[in-house]
Amino acid sequence: MNRAALAGVFLSLLAGLWQIAPPNFSAGQNLSPNEERIESGETLSPTGTKIVYRIRLLPVTSFPNLPSPVAAELIRRQCMIPQSFEAKQPENVIHGAFRAPGSRDWAALCASQGVTSLLVFFSGQFESPVSLRTQPDDAWLGAEPGSSVFGSSWGISVRSVAELRAYPEFRRAAPIDHDAIDDARLERSTVVHYYDSGRWLALNHSDGSD
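Residues numbered from 1 in each chain as written. Predicted model: local features only at pLDDT ≥ 70, side-chain atom pairs only at ≥ 80, totals over all residues. Heavy atoms only, no water.

Right, let's get into the sheet that holds strand S4 (residues 93-96). With antiparallel pairing, four strands are arranged side by side in an open sheet as S4-S5-S6-S7. The open sheet has two free edges, formed respectively by S4 and strand S7 (130-136), since each of these has just one partner strand. Along the sheet, successive strands turn relative to each other by an average axial angle of 15 degrees, direction set aside. In this sheet, strand S5 (residues 105-112) lies alongside S4 in antiparallel orientation, the contact comprising four bridges. Opposite Val93, over in S5, you have Ala108 as the bridge partner. Along the sheet face, helix H2 (residues 68-76) touches S5 and strand S6 (115-121) and points at about 155 degrees away from the line of S6. (Pairing = 2+ DSSP bridges. Helix = DSSP H or I, 4+ residues; strand = E, 2+ residues; numbered from the N terminus. Axes fitted to C-alpha atoms, helices over the stretch in contact; angles between N-to-C directions. Contact = heavy atoms within 4.5 Å.)

Once that is clear, we can look at the sheet that holds strand S13 (residues 199-203). Strand order in the open sheet formed by four strands is S10-S11-S12-S13, and the pairing between neighbours is antiparallel. Looking at strand neighbours, the two that pair on one side only are strand S10 (154-159) and S13, the edges of this open sheet. Between one strand and the next, the sheet's axes are offset by a mean angle of 25 degrees, whatever the strand orientation. The sheet contact formed by strand S11 (residues 180-185) and strand S12 (residues 189-196) spans five bridges and is antiparallel. Among the inter-strand pairings, Ala184 is bridged to a residue of S12, identified as Thr190.

Here we come to empty space enclosed by the protein. One pass over the structure, following the stated rule, counts one cavity of 30 Å³ or more. By volume, the largest cavity amounts to about 70 Å³. Along its surface, the largest cavity is lined by Ile55, Pro82, Leu109, Thr116, Gln135, Pro136, Asp137, Trp140, Ser152 and Trp154. Considered class by class, the residues forming the lining of the largest cavity number six nonpolar, three polar and one charged. (1 Å grid on protein atoms, 1.4 Å probe; cavity = no way out; pocket = protein on both sides within 12 Å on 5 of 7 lines; lining within 4 Å. Points joined across faces, edges and corners; volume = space filled by probe spheres on them. Nonpolar A, V, L, I, M, F, W, Y, C, P; charged D, E, K, R; others polar.)

Right, let's talk about the confidence of the model for the protein chain for a bit. Across the protein chain, the average pLDDT comes to 85, with 82% of residues at 70 or higher. Across residues 1-23, where pLDDT falls below 50, the model places three contacts with residues more than four positions away in sequence or in other chains. The model gives residues 206-210 a pLDDT under 50, and that stretch makes 16 contacts with residues more than four places away or in other chains. (pLDDT = per-residue confidence, 0-100.)

Per the counting criterion, the structure on display carries one disulfide. Disulfide pairing places Cys79 opposite Cys110 at an S-S distance of 2.0 Å. Because the sign of the S-S torsion sets the handedness, a value of about -80 degrees for the bond joining Cys79 and Cys110 places this disulfide among the left-handed ones. Of this pair, Cys79 sits in the loop between H2 and strand S3 (81-83) while Cys110 is found in strand S5, placing the two residues 31 residues apart along the sequence. (Disulfide = S-S within 2.5 Å.)

Written out as structure tokens, the structure reads:
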């Protein structure tokens, strides 16, 4: 084989390795599915300013209270759980009565291959979650005041029946008798997802959420 042919083979091998280890993870990082990862990169703000970001991703095993079928489905989808820049403990995996009073349902942010989805797992249907939102990992970024490195600003939490009933707008939208999912871009906006009669209602800030 001549030198040109050998060079071609070598470049092909390098290209294959580049696809296997995409550049959005820190060099030399252990990419085991049971290890924490840091996704890093650069993007532009709406004003054209360069933003450097680092998003902390936790493995599914960081959430030992997850029901086994939910954990298995997240692992099957190669999910990592993104943490917001404000996180002090593992977050963005929640449980509540999202379908009906007394139901035992779960929701999680699933980051995989640069894209994050908000997945909801209804009790009895853990193998077939519903995706309420999907967007690039770097779509919502934020940082502590004075910090030059940004992180994820996406967070989810439970809105209880009492919290929902405190707003007349929510009571007019649906008969409130179970929990909802607070889907927030931290310090900017919130959407509240409420399941009612087989459909999801998305109520934003102007509908009464805070």
